[in-house]
Amino acid sequence: MKTAPFGNSGMMVSTFVLGTVTFGGTHGFEKTGNVGVEDARRFIDIAREAGVNAIDTANIYSKGDSEKVVGEAVKGHRNELLIFSKVRTTMGEGPNMAGASRAHIMYEIDQSLKRLQTDWIDHYWIHQWDGVTPVEETVAVMDDLIRAGKIRSWGVSNYGGWQVAKTVMTAKLLGATPPVAHQLNYTPEAREAEYEIIPAGRDLGVATQVWSPLGEGLLTGKIDRNNGPRPGTRQGNDWPEPHIVDTERLYRVIDVLKEVSGEVSRSVPQVVLAWLRERPGVHSIALGARTEDHLRDNLGSIDLTLSDEQAKRIERAGRPPAIVPLWHRAMNGMDRVSEAEREYLEGYRETMGLG
């Protein structure tokens, strides 16, 4: 498995990262999974054998219990693994128990370090945009944490394109360390991030890491037009995510994924991951798994390369509609495009019958 610099950090991160939303399984996260310490150790061993060098967790996952599982499971291997965690989401009662403020972040970083049993976090995400706290404060506290040695780099998660740009530019204006990566939901069906979020990151040198590449269980190949989610799975447990904008588009994508799966004699999840791995701007993909078999299958996609025709077929099936101002730019502005947006605009032109 390849590693590549994580944005402008110089930190080398593997193509796949081990996600841990399934670790713990408490405090409302029971529906995602309940991986305990012993299974987590096995998951980490399997991932490391495949070349994974990073683990992604969050303080909100099982309200800290996921971090506790990670902390126990990495004992003896801490220096061989990168650990990512997140802050921003509500962790308790009171007005300062959420957000990207100095008050909240400074408290939560120490709690995460204790649960993870480590002196530092390699990469620290702001889990969501905070529309109340000034960006200047968030940037300043993250820079302070780097200087204090509590984190090595930082990034943003689930931000809009203008929010990514504002954060990066504010950091540069202040002479502070800017975010080196952003994390977002992106699948062959969930493509809205192509409108502005991924192009913003590409243009600003911010690496894109994908979370929930299988649509939180929708793109496993077990759900289609004629078969609903099975009991015991995340979708079969009434898990509320993701929000599907266009159900017909979802089934159209699933139809094509299953076609390609048959052509290459590989599982639908492997086809999804092989497609995402080669998408413009994608640096790495966080893989969460409920079982060892799921994890092994996902990791096994690393040696699958789709043909250009197969990749294009999947792309067309899930391509989002050209919206303002993108249809106008695709129609009239192709003489002055940036490389960060070119592939997407070319797709919109095809949809519009212009190319």
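Up top is the structure these notes are about.
All figures in this text were calculated on a predicted structure; none of them were measured in a lab.

1. Notes on the sheet that holds strand β4 (residues 54–56)
Move 1: Strands sit in the order β3-β4-β5-β6-β7-β8-β9-β10 around a closed barrel of eight strands; the barrel is parallel. Recorded for the sheet is a direction-independent mean angle of 30° between the axes of neighbouring strands.
Move 2: Relative to strand β10 (residues 282–287), strand β3 (residues 16–19) is paired through three bridges, and the arrangement is parallel. Pairing of Leu18 across the sheet is with Leu287, part of β10.

2. Re the pattern of salt bridges
Where charged atoms of side chains with opposite charge meet at close range, the side chains can pair.
Move 1: For the coordinates displayed, the defined rule picks out 34 salt bridges.
Move 2: Across the salt bridge formed by Arg277 and Glu278, the nearest N and O atoms sit 3.5 Å from each other.
Move 3: Taking the relative accessible area as the measure of exposure, Arg277 reaches 13% and is therefore buried.
Move 4: The network of salt bridges with shared partners includes Arg191, Glu194, Arg279, Lys312, Glu315, Arg316, Arg319 and Glu350.

3. Observations concerning the packing of helix α1 (residues 37–49) against helix α9 (residues 292–299)
Move 1: Close contact between α1 and α9 brings their axes to 10 Å; oriented N to C, the two are set at 15°. Considering their axes alone, α1 and α9 lie roughly parallel with respect to each other. α9 is crossed by α1, and the crossing has right-handed handedness. Across from Arg42, Phe43, Ile46 and Ala47 in α1, the residues of α9 making contact are Glu292, Leu295, Arg296 and Leu299.

4. Notes on the nonpolar core
Move 1: Formed by 82 residues in total, the largest nonpolar core has its most connected members in Leu18, Ile105, Tyr124, Met142 and Tyr186.
Move 2: For this core, the leading source of residues is helix α8 (residues 268–277), giving seven residues.

Scoring rules and cut-offs
- Residues numbered from 1 in each chain as written.
- Predicted model: local features only at pLDDT ≥ 70, side-chain atom pairs only at ≥ 80, totals over all residues.
- Heavy atoms only, no water.
- Pairing = 2+ DSSP bridges.
- Helix = DSSP H or I, 4+ residues; strand = E, 2+ residues; numbered from the N terminus.
- Axes fitted to C-alpha atoms, helices over the stretch in contact; angles between N-to-C directions.
- Salt bridge = Lys/Arg side-chain N within 4 Å of Asp/Glu carboxyl O.
- Buried < 20%, exposed > 50% of the residue type's maximum accessible area, 1.4 Å probe, protein only.
- Parallel < 35°, antiparallel > 145°, perpendicular 65-115°, else oblique.
- Left-handed = near helix turned anticlockwise from the far one by under 90°.
- Contact = heavy atoms within 4.5 Å.
- Core = buried A, V, L, I, M, F, W, Y, C linked by side-chain atoms within 4.5 Å.

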